[in-house]
Amino acid sequence: MNIKQHQFLNTLWSRTSHFSTEKEMISGNIQVNDLLSSIFYLGPCYHYIIDFHTHRITNVSSGAGNILGMTPQSIKDIIDRIHPDDLDFATQAEDAVINHLRYNLGASNALKYKMSFCMRIKTANGAYKLFLHQAIILSTDKNGHFAKVLNIHTDISHLSTTNSLKAYLSGIYGINEYIEIDVFPNAVNVSNTPLFSKREAEIIHLLAKGMKNKEIADQLFISLNTVKNHRKNILQKSGMKNCSELIARCFIEGLV
């Protein structure tokens, strides 16, 4: 671990002490597999859970070994794989989304949002690739302090090689809200009116699953022409040329 990585680790545990639980928490009835099945993966990925009380990682998926060339045993092993030049951004991105979540949206809403941003991670062959980091809080204590957090890392180097230097908060469990944060200099753009309507968001999710227009129409009990009109409006709103570009952008920015 180099100096930057050591500083990052110290900073991580120092700042998390302000919002992490001080006692062991049991995950209870959290259905991690159900949660994972509702998330899209447009590339190779792995996941793990951080316990903020014990500072340990658990539930590391089998994909980690194939992607990283090793199975991480601790958060230190994860940090060792992050590109040193991305550590400062990762620190500030997490600070920005967590502060906005706790102090603007409220700790009671912590479990209702997914946090995401991009960073480069060293893969099994020694090359750094751009990954999408997604984090979902699984449990909190009675004071709203974080206990366990699910982290998902997806290789998106086939979709983009440029980090937007932005972080995102997006509603889950049916909450249609999207927040974009410019990490430098922490300007927050809150969209009280989401870019896409609830119906459009549903169609984007089904498109991301590879469904055709007729399948979407049958799934949503609407006409084929209605689906086509929605797709046209979605592309116009997003400024994308085709559905492939649309889905890639929505995935990277946490919209799906």
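Whatever comes next refers back to the structure up there.
All residue numbers here refer to positions counted from 1 along the written sequence of the relevant chain. Only residues with pLDDT of at least 70 get local features here, since the model is predicted, and only at 80 or more are side-chain atom pairs given and counted; chain-wide, interface and lining totals rely on the full set of residues. Note: side-chain values were computed over all heavy atoms of the structure, leaving out hydrogens and water.

Asks: How should I be thinking about the overall build of the protein chain in this particular structure?
Replies: Looking only at helices and strands, the protein chain has nine helices and eight strands in total. The buried label applies to any residue whose accessible area, calculated with a 1.4 Å probe on protein chains only, is under 20% of its type's maximum; exposed applies above 50%, and partly exposed to all values in between. Relative to its 256 residues, the protein chain shows a buried fraction of 49%. In the protein chain, the proportion of contacts linking residues at least 24 apart, taken out of those at least 6 apart, comes to 61%. We get accessible surface area from the Shrake-Rupley algorithm with a probe of 1.4 Å; when it comes to residues, only the shown protein chains can shield them. Of the roughly 12,500 Å² of accessible surface on the protein chain, 49% is carried by carbon and sulfur atoms. A run of DSSP states H or I qualifies as a helix once it reaches four residues; a run of E qualifies as a strand once it reaches two. Both are numbered from the N-terminal end. Residue contacts are defined here by distance: any two heavy atoms, one from each residue, within 4.5 Å place the two residues in contact.

Asks: I tried to follow the pattern of salt bridges on my own but got confused; where do I start?
Replies: Pairing is possible between side chains that carry opposite charge, provided their charged atoms lie close to one another. Definition used for salt bridges: Asp or Glu carboxyl oxygen within 4 Å of a side-chain nitrogen of Lys or Arg. The tally for this structure, following the rule as stated, stands at nine salt bridges. Note that Lys166 and Glu180 form a salt bridge whose closest N and O atoms lie 3.0 Å from each other. Of the two residues, Lys166 is situated in strand β6 (residues 166-171) and Glu180 in strand β7 (residues 178-182); the sequence distance between them amounts to 14 residues. Residue classification places Lys166 among the partly exposed residues on the basis of a relative accessible area of 23%. Taking relative accessible area as the criterion, Glu180 reaches 16% and is therefore assigned buried. One connected set of salt bridges, linked through shared partners, spans Lys166, Glu180 and Asp182.

Asks: Mind showing me how you'd approach the packing of helix α6 (residues 198-208) against helix α7 (residues 213-220) here?
Replies: In a packed pair of helices, the relevant descriptors are the angle between the two axes and the axis-to-axis distance. For the pair α6 and α7, the least separation of the axes is 10 Å and the interaxial angle reads 130°. Looking at the two axes, α6 sits oblique to α7. For the element pair α6 and α7, the recorded crossing hand is right-handed. Here Arg199, Glu202, Ile203, Leu206 and Leu207 of α6 come into contact with α7, specifically with Ile216, Gln219 and Leu220. Amino acids outside the nonpolar list (Ala, Val, Leu, Ile, Met, Phe, Trp, Tyr, Cys, Pro) and the charged list (Asp, Glu, Lys, Arg) are all regarded as polar, and Gly is one of them. Of the residues assigned to the contact of α6 with α7, the class counts are five nonpolar, one polar and two charged. Under this scheme, a helix contributes an axis fitted over its contacting stretch, all axes are lines through C-alpha atoms, and angles between N-to-C directions fall in the 0 to 180 degree range. Oblique is the label for any angle not under 35 degrees, not over 145, and not in the 65 to 115 range, which are roughly parallel, roughly antiparallel and roughly perpendicular in turn. Left-handed describes a crossing whose near helix is turned anticlockwise from the far helix through less than a right angle; right-handed describes the clockwise counterpart.

Asks: Would you mind going over helix α9 (residues 243-252) with me for this structure?
Replies: Three- or four-residue spacings in an α-helix give side chains the same orientation, since the helix completes a turn every 3.6 residues. With seven of its 10 residues buried, α9 lies for the most part within the structure. Among all positions of α9, only Cys243, Leu246, Ile247, Ala248, Cys250, Phe251 and Ile252 are buried. Each element contacted by the buried residues of α9 is listed here: β3 (113-122), β4 (128-140), β5 (146-155), β6, α6 and α8 (224-238). Counted as a polar contact is a pair of N or O atoms within 3.5 Å, where, for protein atoms, one must be capable of donating a hydrogen and the other of accepting one, and residues adjacent in sequence contribute only when both atoms are in side chains. Sitting at the amino-terminal end of α9 is Asn242, which places a side-chain oxygen 3.1 Å from the backbone nitrogen of Ser244.

Asks: Honestly, the packing of aromatic side chains in this entry has me stumped. Any pointers?
Replies: The pairing test for Phe, Tyr and Trp rings, Trp by its six-membered ring, is centres within 6.5 Å, and the orientation test on the planes gives stacked under 30 degrees, edge-to-face over 60, and tilted for anything in between. Counted by the stated rule, this structure contains five aromatic pairs. Arranged with centres 6.4 Å apart and planes meeting at 20°, the rings of Tyr46 and Tyr48 form a pair that is stacked. Of the two residues, Tyr46 and Tyr48, neither departs from the other in class, the shared state being buried. Ring plane angle 50° and centroid distance 6.1 Å describe the contact between Phe89 and Phe184, whose orientation is recorded as tilted. Here Phe184 lies in the loop between β7 and β8 (187-191) and Phe89 lies in helix α5 (residues 87-106), a separation of 95 residues in the sequence.

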